[in-house]
Amino acid sequence: MIEALFNQPSYLGAKRMLDALAVRHEALAANVANAETPHYKRIDLAPSFRAELQSALASRDAASLSTLQPRVSVDASALPLNRDGNTVNLEHELVELGQNTLQHTVETQMVSAALAKLRLAITGKAA
Amino acid sequence: MLNIIPSLASTTAALDAESTRLEVISQNIANANTTRGPDGRPYQRQEVVFENALQQAKAANGAAPGLVAPQVASIQKDPRPGRSVYQPGHPDADANGMVQFPNVDIYEEMADMIVASRTYEANLAVLKNGRSMALQDLSIGKH
């Protein structure tokens, strides 16, 4: 019974997004940390994972949403800026990091709002 | 250990590595005019070499790449020759009155210093973002 409350696609989707955002933050942090490491190749969420997440969110399929695992891979599209073979662009990483953090704020508020709605339904009180 | 803030390990490793680099740069600048070290020779410029704690070799084989932390591999001496200046009165002058000065170029060191301190700042920004994400996580369900 109670599981149904937490298996709504929007709630599951927000949870998966939070997982993905946390993993992406770690990937971007590793990129910034290795901005000066020779031959380092920047990593990011795997394109295949992004595609799966988007299709699962679009189809609102609870089963596929709950089994998704975020993955990272080497960003093959990034090109080295100088001769040491490092593909990290510091400005680019920080912009992405800021967006990632902002998106994280949005998703935590979505989760909080979903829980507040549940509480409203249970108690009849908004607070 | 409870890991609340994501990415703490790689960021702290980077802060560590960058501050070592800043220390070496400041040592180079401080000794830009040291004509006699413990070995009796002019100071030689030193340089920090970075490497990954874990190489991304796994990624090349198709497995998921690990999150790698940078570290200082070694601090190497720069083999370039120093400049010689004609100063016959100098105690370290040779028979022709030439004094060997260190191979430190202040402009090069200043440029390196700016890169190192900007990278340090960038890592602090990452840490700040991670902290705010962790605080938001903790506030889920509160009003």
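Note on numbering: residues in each chain are counted from 1, in written sequence order. Here the convention is simple: chains get letters from A, ligands get numbers from 1, in the order in which they are written. The predicted origin of the model limits local features to residues at a pLDDT of at least 70 and limits the giving and counting of side-chain atom pairs to 80 or more, whereas totals for whole chains, interfaces and linings rest on all residues. For the side-chain quantities, the full set of heavy atoms in the structure was used; hydrogens and water were omitted.

Another point: the overall build of chain A. What counts as a helix is a DSSP run of H or I of at least four residues, what counts as a strand is a run of E of at least two, and both are numbered from the N terminus. Along its length, chain A carries five helices and two strands. The helix and strand sequence of chain A, counted from the amino end, reads α-α-β-α-α-β-α. Two things to know: the radius of gyration comes from C-alpha atoms, and the globule rule equals 2.2 Å times the number of residues to the power 0.38. A globule of 127 residues ought to have a C-alpha radius of gyration of about 14 Å, yet chain A, at 18 Å, is considerably larger. Taken over the C-alpha atoms alone, chain A extends approximately 65 × 30 × 15 Å along its principal axes. For chain A, the residues scored as buried account for 42% of the 127 residues in total. Pairs at least 24 apart in sequence give 73% of the contacts found in chain A among residues at least 6 apart. Summed over its atoms, the accessible surface of chain A is roughly 6800 Å², and 60% of this surface lies on carbon and sulfur atoms. Note on exposure labels: buried denotes an accessible area under 20% of the residue type's maximum, exposed denotes more than 50%, and partly exposed covers the range between, all computed with a 1.4 Å probe on protein chains only. Contacts: residue pairs with any heavy atoms within 4.5 Å of one another. Computed by Shrake-Rupley with a 1.4 Å probe, the accessible areas treat only the displayed protein chains as cover when residues are assessed.

All names here are of chain A. Of all hydrophobic cores here, the largest spans 18 residues; its most connected members are A20, Y40, I43, L45, F49, L53 and L68. Contributing elements (two or more residues each) for this core: α2 (9-33), β1 (43-45) and α3 (47-59). Sorting elements by how many residues they give to this core places α2 first, with five residues. Apart from the residues lying within four places of it in its own chain, the contact partners of L53 are R16, M17, A20 and L68. The criterion is simple. A nonpolar core is a set of buried Ala, Val, Leu, Ile, Met, Phe, Trp, Tyr and Cys residues joined through side-chain atoms within 4.5 Å. Within the second largest apolar cluster, seven residues are counted, among which are Y11, V111, L115 and L118.

What follows is about the packing of α2(A) against helix α1 (residues 8-30) of chain B. With axes taken as lines fitted to C-alpha atoms, and helix axes fitted only over the stretch in contact, angles between N-to-C directions fall between 0 and 180 degrees. The interhelical angle for the contact between α2(A) and α1(B), taken along N-to-C directions, is 15 degrees, at an axis separation of 8 Å. Judged by the inter-axis angle, α2(A) sits roughly parallel to α1(B). The two elements α2(A) and α1(B) meet at a crossing, and its hand is left-handed. In this structure, α2(A) contributes A29(A), A30(A) and A33(A) to the contact, and α1(B) contributes S10(B), T11(B) and A14(B). Grouping the amino acids of the contact of α2(A) with α1(B) by side-chain chemistry returns four nonpolar, two polar and no charged. Throughout this description, any angle smaller than 35 degrees is read as roughly parallel, any larger than 145 degrees as roughly antiparallel, any in the 65 to 115 degree range as roughly perpendicular, and the remainder as oblique. Two helices that cross are described as forming a left-handed crossing if the nearer one is turned anticlockwise from the farther one by less than a right angle, and a right-handed crossing if clockwise. Residue polarity is assigned by list, with Asp, Glu, Lys and Arg as charged and Ala, Val, Leu, Ile, Met, Phe, Trp, Tyr, Cys and Pro as nonpolar; anything else, Gly included, falls into the polar class.

Take the environment of E18(B) next. Relative to the helices and strands, E18(B) is located in helix α1. Contacts of E18(B), omitting those with residues within four sequence positions, involve E36(A), F50(B), A116(B), T119(B) and Y120(B).

Our next topic: the confidence of the model for chain A. Per-residue pLDDT for chain A has a mean of 86; in total, 98% of the residues score no lower than 70. One confidence number per residue, pLDDT, is output by the predictor and ranges from 0 to 100. Across chain A, helix α5 (residues 90-123) of chain A holds the top mean pLDDT of 91, while helix α1 (residues 2-6) of chain A sits lowest at 72.

Turning our eyes to something else, we now look at α1(B). Compared with the 33 Å implied by 1.5 Å per residue over 23 residues, the 33 Å span of α1(B) between its first and last C-alpha is a close match. Within the span of α1(B), buried status applies to S10(B), T11(B), A13(B), A14(B), L15(B), A17(B), E18(B), R21(B), V24(B), I25(B) and N28(B). Contact partners of the buried residues in α1(B): α2 of chain A together with β1 (46-52), β2 (70-77) and α3 (106-138) of chain B. For a helix, the expected span equals 1.5 Å multiplied by the number of residues minus one.

Take unusual backbone geometry next. Within the chain, H39(A) stands out as a residue other than glycine whose phi angle is a positive 65 degrees. For H39(A), the location among the structural elements is in the loop between α2 and β1.

Here we come to the pattern of salt bridges. Salt bridge, as used here, is a side-chain nitrogen of Lys or Arg placed within 4 Å of a carboxyl oxygen of Asp or Glu. The final tally for this structure, using the stated rule, is 19 salt bridges over all chains. Salt bridges sharing partners connect three or more residues here, namely R24(A), R42(A), D44(A), R50(A), D75(A), E93(A) and E96(A).

A residue-level look at chain B finds 87% of positions with pLDDT of 70 or above and a mean pLDDT of 85. Overall, residues 56-64 of chain B carries pLDDT values under 50, and its contacts beyond four positions in sequence, including any with other chains, amount to eight contacts.

All names here are of chain B. In β1, alternate side chains face the same way, and those of Q46, V48, F50 and N52 are buried while those of E47, V49 and E51 on the opposite face are not. Pairing between strands is defined by DSSP: at least two bridges between them are needed. Two elements, β1 and β2, share seven bridges in a ladder whose sense is antiparallel. Note that in β2 the partner of N52 across the bridge is P70.

Before going further, it helps to spend a moment on the interface of chain A and chain B. Across the contact, 34 residues belong to chain A and 37 residues belong to chain B. A quick way to say it: buried area is the sum, across both parts, of accessible area lost when two parts are put together, with a 1.4 Å probe. Where chain A abuts chain B, roughly 2600 Å² becomes buried across the two surfaces, and 65% of that area is made up of carbon and sulfur atoms. For the pair chain A and chain B, the interface holds one salt bridge. Linking E36(A) and R21(B) is a salt bridge whose minimum nitrogen-to-oxygen distance equals 3.3 Å.

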